[in-house]
Structures are given as C-alpha cells and as structure tokens.
Amino acid sequence: MSRPTSPKPPHHRFDNPQSLSDWIKPRMPSDSFASWGVKPGTKNVHNLWLELTEGETSLTDSTPPIRTVNVVIVRIIGKDGATLIESRQELADGSVRSRRRPLSEKMKPGETPEGAVIRAVKEELGSIISRPAEEIVTIVPGSYRKSVEERSSASYPGLPARYILHSVDATVEGLPENEFYTDEEHEYGDCGETGMGIGIANQAVSVKRHHWEWVNPDSSAS
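What counts as what
Residues numbered from 1 in each chain as written. Predicted model: local features only at pLDDT ≥ 70, side-chain atom pairs only at ≥ 80, totals over all residues. Heavy atoms only, no water. Helix = DSSP H or I, 4+ residues; strand = E, 2+ residues; numbered from the N terminus. Contact = heavy atoms within 4.5 Å. Areas by Shrake-Rupley, 256 points an atom, 1.4 Å probe, with all protein chains shown as cover. Pairing = 2+ DSSP bridges. Axes fitted to C-alpha atoms, helices over the stretch in contact; angles between N-to-C directions. Buried < 20%, exposed > 50% of the residue type's maximum accessible area, 1.4 Å probe, protein only. Phe/Tyr/Trp six-rings, centres within 6.5 Å; stacked < 30°, edge-to-face > 60°. Polar contact = N/O pair within 3.5 Å; in protein donor to acceptor, adjacent residues only side chain to side chain. Salt bridge = Lys/Arg side-chain N within 4 Å of Asp/Glu carboxyl O.

In the annotation of an unreviewed UniProt entry, the protein chain is listed under the name Nudix hydrolase domain-containing protein and assigned to Trapa incisa.

Undergrad: Just to check I follow, could you spell out the overall build of the protein chain for this structure?
TA: Within the protein chain one finds 6 helices and 10 strands. A sequence separation of at least 24 residues applies to 70% of the contacts in the protein chain between residues at least 6 apart. Element-wise, carbon and sulfur atoms account for 48% of the exposed surface of the protein chain, whose accessible area totals about 11,200 Å².

Undergrad: When you look at the sheet that holds strand S9 (residues 180-183) in this model, what are you seeing that I'm missing?
TA: Sheets are built from strands that pair by backbone hydrogen bonding, the pairs being arranged parallel or antiparallel. Strand order in the open sheet formed by 4 strands is S4-S3-S10-S9, with antiparallel pairing between adjacent strands. Of all the strands in the sheet, just strand S4 (96-101) and S9 have a single pairing partner and so form its edges. The average angle at which neighbouring strand axes cross in this sheet is 20 degrees, direction not considered. With 4 bridges joining them, strand S3 (residues 83-91) and S4 adopt antiparallel strand pairing. Looking at S4, one finds that Arg 88 is bridged to Ser 98.

Undergrad: Even after reading the chapter, I still don't get unusual backbone geometry, so can you show me in this structure?
TA: Negative phi values dominate among residues other than glycine, just as trans dominates among peptide bonds. Residue Pro 64 follows Thr 63 across a cis peptide bond; omega there is -5 degrees. One can find Pro 64 in the loop between strand S1 (57-59) and strand S2 (67-76). In this model, Asp 80 sits at a positive phi of 60 degrees, which is unusual for a non-glycine residue. Tracing the backbone shows Asp 80 in the loop between S2 and S3. Its identity as a non-glycine residue notwithstanding, Arg 100 has a phi of 60 degrees, on the positive side. As for its placement among the helices and strands, Arg 100 is situated in strand S4. A relative accessible area of 28% places Arg 100 in the partly exposed class.

Undergrad: Could you clarify how one ought to interpret the pairing of strand S8 (residues 160-172) in this entry?
TA: Side-chain direction in a regular strand flips from residue to residue, so the side chains alternate between the two faces of the sheet. Of all 13 residues making up S8, 10 are buried, and the element is well covered by its neighbours. In this structure, strand S6 (residues 137-139) lies alongside S8, joined through 3 bridges in antiparallel fashion. Directly across from Val 137, in S8, lies its bridge partner Val 172. In this structure, strand S7 (residues 145-152) lies alongside S8, joined through 8 bridges in antiparallel fashion. Residue pairing across strands places Arg 145 opposite Ser 167, the latter belonging to S8.

Undergrad: Please explain the packing of aromatic side chains as it appears in this structure.
TA: The way to describe two aromatic rings as a pair is by their centre distance and the angle between their planes. Taken as a whole and judged by the stated rule, the model has 4 aromatic pairs. With centroids separated by 5.3 Å and ring planes inclined at 55 degrees, the aromatic side chains of Phe 14 and Trp 23 adopt a geometry described as tilted. Each member of the pair, Phe 14 as well as Trp 23, carries the same accessibility label: buried. With 4.9 Å between their ring centres and 50 degrees between their planes, Phe 33 and Trp 36 make a pair best called tilted. Site record: aromatic cluster; members linked through ring pairs are Phe 33, Trp 36 and Tyr 156.

Undergrad: How should I be thinking about the side chain of Ser 155 in this particular structure?
TA: Secondary-structure assignment places Ser 155 in the loop between S7 and S8. The exposure class of Ser 155 is buried, given its relative accessible area of 14%. Among the polar contacts listed, one links the side chain of Ser 155 to the side chain of Arg 97, at a separation of 3.2 Å. In this view, Ser 155 contacts Thr 42, Lys 43 and Arg 97; residues no more than four positions away in its chain are not counted.

Undergrad: Help me understand the pattern of salt bridges, please; the structure alone is not making it clear to me.
TA: Side chains that differ in charge, positive against negative, can pair when their charged atoms come close. Enumeration over the complete set of coordinates arrives at 18 salt bridges. Here Glu 51 ties to Lys 106 by a salt bridge, and the two come within 4.0 Å at their closest N and O atoms. Highlighted residues: Glu 51 in helix H3 (residues 45-53) and Lys 106 in strand S5 (residues 103-106), separated in sequence by 55 residues. Between Arg 162 and Glu 150 there is a salt bridge, with the nearest N and O atoms lying 3.6 Å from each other. Residue Arg 162 is located in strand S8, and its partner Glu 150 is located in strand S7; the two are separated by 12 residues in the primary sequence. Looking at Arg 162, the relative accessible area reads 30%, which means it is partly exposed. The network of salt bridges with shared partners includes Glu 105, Glu 111, Arg 119 and Glu 123.

See the structure below:
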C-alpha cells in the first residue's frame, strides 16, 4: 500500500471564530453564509474554525475561498461482499443529514492513510466494537486509491471544496450483520484543553449518532 501523509495546510491563523467570520463573510454570497448552521444539515463558522485550528482544512485567499480537505474513505467489506455505508447522521441540533457513503474522516496533518483508518474506526464505530481497532482492522493489500473531487460543500453552502480522497478497502471484525447505529461522544475531543477551545467546540454543530447499513455489491450507495 502506498503510504503518503496528509500534507500540512498553509499557515493561515485566525485567533477566533469571529475573526474568521470577518474575513470570510465579504468573500461569500451573503445568503449562503447566512445559512451556515441554520439550514438543516449544515455546519457553522465555529466548525470551520475548529477544522482550521486542528489543521484538517485549509482555505485559499480568494473570492470565494476554496476549502481543501484530505479525507480517508474506508470501504468496509462484510459478509458476501456487502459494503458498510453510513446512511445518515443525527446532529446535536436535532437535524438529520443524509450520507449514503462509506466510513470517511478528515485526516490530520502528517497522518498516514493507515493511521487515519484506525482513528476513523475508533471515532465512528468505537461505541459498538469491544476490542482495540488496531486488533480488528485489516486493510486489503493493494486497495489504496487516491483521487481529487471538486464540488460545493454541503456542510458550508456556497463554499467551494477540493477533496483529496485517500480510499482503501478493509475488514473490521465483530460488526453487526444488520443495520445498527453508533454514538459519537467527543467529535471535537482534540480541539484543545483551553477554556476557549472547549467553549467553541460547544458552539459547533456536532454529530451525535451515526446510522449504518450494509449494501450489496450490485447496489448503489450514491
């Protein structure tokens, strides 16, 4: 398997969400920016600030800015070749966001795809697995693929996004064979231990529950 790491994003620091808002608002269509965190299924400027602070996202200095994210996609293969997909997410604000895609996670700066796979399984499937992810995850040799997608962001309407996708096939022992859900306790657990970081995380729109189902090889998850 190829082992590139997620590059460190360009250095562009915003001291707080307000400074980010002041910078990005004039560069965005006003109606689009106003919908962030208000339109069901969207995130808010606090989420974007946390992504930037943790190095998961970078923004170009353009109008509008382009958000670049490295994402690991884990196509978990189960019984009879079925693929595990996340059907929907329940957000902390009570809204529900349709997903219909395999397990995916934004990569940290300098993180390898293998490391991101293990972390993704821990964070999104951890509430239902009983053994350490390192012991139950097997990445299929030769399955690594890298691609780039450019499209509008569903989380941040009006903000163009460039997704650098690092995809692998994998097996995970001990998962239920039928539909199931998992709870995410601390989506922004790495946001920092300062009072400000925790306070901002509390104002971000977070995922509370993931719903999963198995899709047969001849079915479409799109």
